[in-house]
Protein chains: 2
Amino acid sequence: MKKAILLLSGGLDSATCGLIARDMGFELHALSFSYGQRHGCELLAAQRVAAFIGVCGHRIAHIDLAALGGSALTSSDIDVPKDGAGTGIPVTYVPARNLIFLSYAVACAEALGECSDIFIGVNSVDYSGYPDCRPEFISAFQKMANLATAAGVSGRELTIHAPLMRLTKSEIIKTGVKAGMDYAITHSCYDPDPQTGAACGRCDSCRIRKKGFEDAGITDPTLYSA
Amino acid sequence: MKKAILLLSGGLDSATCGLIARDMGFELHALSFSYGQRHGCELLAAQRVAAFIGVCGHRIAHIDLAALGGSALTSSDIDVPKDGAGTGIPVTYVPARNLIFLSYAVACAEALGECSDIFIGVNSVDYSGYPDCRPEFISAFQKMANLATAAGVSGRELTIHAPLMRLTKSEIIKTGVKAGMDYAITHSCYDPDPQTGAACGRCDSCRIRKKGFEDAGITDPTLYSA
């Protein structure tokens, strides 16, 4: 079996991406990040999803993005917006997050050896306006990574797979359900209840998730507090 | 003054790069990494160099690359070679290290705001065969970073400056000495004496440094144990 690194947040997208990668026949090595996110319970979801998919290994890397500041997802000084998406890049954008995550995935692939495939669940359709979720970013990253690494030098091309890139949220959900995913174990909310872990139902991430299930005509198994 | 991020290892190259950036008129925000390197004393050197250059701020980010394994610089299971450079990519190559460092620098620049310049002291001449020190990597990284970030989206182009790229080690040393650098405060050795911090004098990094001073006709102020 070919080895692949799976970037796994514990959200709906990365869980679906993981099932797709598994069904393509890859031996999966999951990689999650504890980066100072206020929705730390997504790491518990990542562990549930990793077990559900049946990954070969799961590493949680500790990196300090909160110290950099500048995002509502990592700073308690900036509130998570609850009244729908505005225009432009939202305050929940974590500077260069996917860039750092993918860079670690490249390092993991190099250290693991004989691993040329990386899966990331980014999506350019319902993507909330983050610059690092666009196809042109993924394509430029792959090109750059092949110049950065021993794998690239040796002619073993690294491939960044983003199988959800051009799917709508409802298409992603239908794909996952068809592949047997139980979305009740995933977590999407940016601002969950600190006691119960229930999703707020009002942040951008909750809104997009809710609408995805509605559009797909599938019952949303998420526990919302509002 | 324009703000810039300076990647600062505490070695000869990044110190020289910092002086060049300062003399170009940038307000410098230094960024160093505690990444599980066996030559942790380079962080003390980074602090000395930051003070010498007169940076505006200095952040030391803690990231765990040792957990990934695969390099003599972070794993005690792999010895640092002492008998000169072999062929191919050396075992001291840390997978995707410069990629991760630059990704953090991009995140720092984004979080700092109004910062579009990043300095890195990579060098393709005496570079020991690391793939992530080549000009084509830096150029591809810059292109990719402008697609990854809010800065890029807003049309404020990020520039990755690598002013040492095409200089030999002796040219770097001459440049630094001319700009007033005191290289006694820098640290290059991969395997320093754990008690005294003295450079081993035999690893690739020591060999390249020694030869650089010889070629430049400048006295090497380094304390070597061999």
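It should be emphasised that the depicted structure is a prediction, and the values quoted were computed from it without experimental measurement.

Q: Explain the environment of L147(A) residue by residue, including any values.
A: Tracing the sequence through the fold places L147(A) in helix α4 (residues 135–148). Assessed through its relative accessible area of 23%, L147(A) is described here as partly exposed. The spatial distance from the C-alpha of L147(A) to the C-alpha of H58(A) is 27 Å, given a sequence separation of 89 residues. Among all residues touching L147(A), those that are not within four sequence positions of it are P131(B), R134(B), E136(B), F137(B) and A140(B).

Q: Mind laying out the relation of the copies chain B and chain A, listing which residues take part and the relevant values?
A: Once chain B has been moved 0.0 Å along the axis and rotated by 180°, it coincides with chain A to within an RMSD of 0.0 Å. The two molecules are tied by a two-fold rotation axis, judged by turn and shift. Residue I63(B) of chain B places its C-alpha closer to the rotation axis than any other residue of that unit, at 2.7 Å. Of the interface residues in chain B, 100% have counterparts in chain A that sit at the interface too, so the contact is made through matching surfaces.

Q: Now, about the packing of helix α6 (residues 169–178) of chain A against helix α7 (residues 204–216) of chain A: what can you tell me, with residues and values included?
A: Residues and elements named next belong to chain A. Where α6 meets α7, the closest approach of the two axes is 8 Å, and the angle between their N-to-C directions is 65°. With respect to α7, the element α6 is oriented roughly perpendicular. Pair α6 / α7 crosses with right-handed handedness. In this structure, α6 uses K169, S170, I173 and K174 to contact α7, whose residues at the interface are I208, R209, G212, F213, D215 and A216. Of the residues assigned to the contact of α6 with α7, the class counts are four nonpolar, two polar and four charged.

Thresholds, definitions, all that
Residues numbered from 1 in each chain as written. Chains lettered and ligands numbered in written order. Predicted model: local features only at pLDDT ≥ 70, side-chain atom pairs only at ≥ 80, totals over all residues. Heavy atoms only, no water. Helix = DSSP H or I, 4+ residues; strand = E, 2+ residues; numbered from the N terminus. Buried < 20%, exposed > 50% of the residue type's maximum accessible area, 1.4 Å probe, protein only. Contact = heavy atoms within 4.5 Å. Least-squares fit on C-alpha atoms with pLDDT ≥ 70 in both. Axes fitted to C-alpha atoms, helices over the stretch in contact; angles between N-to-C directions. Parallel < 35°, antiparallel > 145°, perpendicular 65-115°, else oblique. Left-handed = near helix turned anticlockwise from the far one by under 90°. Nonpolar A, V, L, I, M, F, W, Y, C, P; charged D, E, K, R; others polar.

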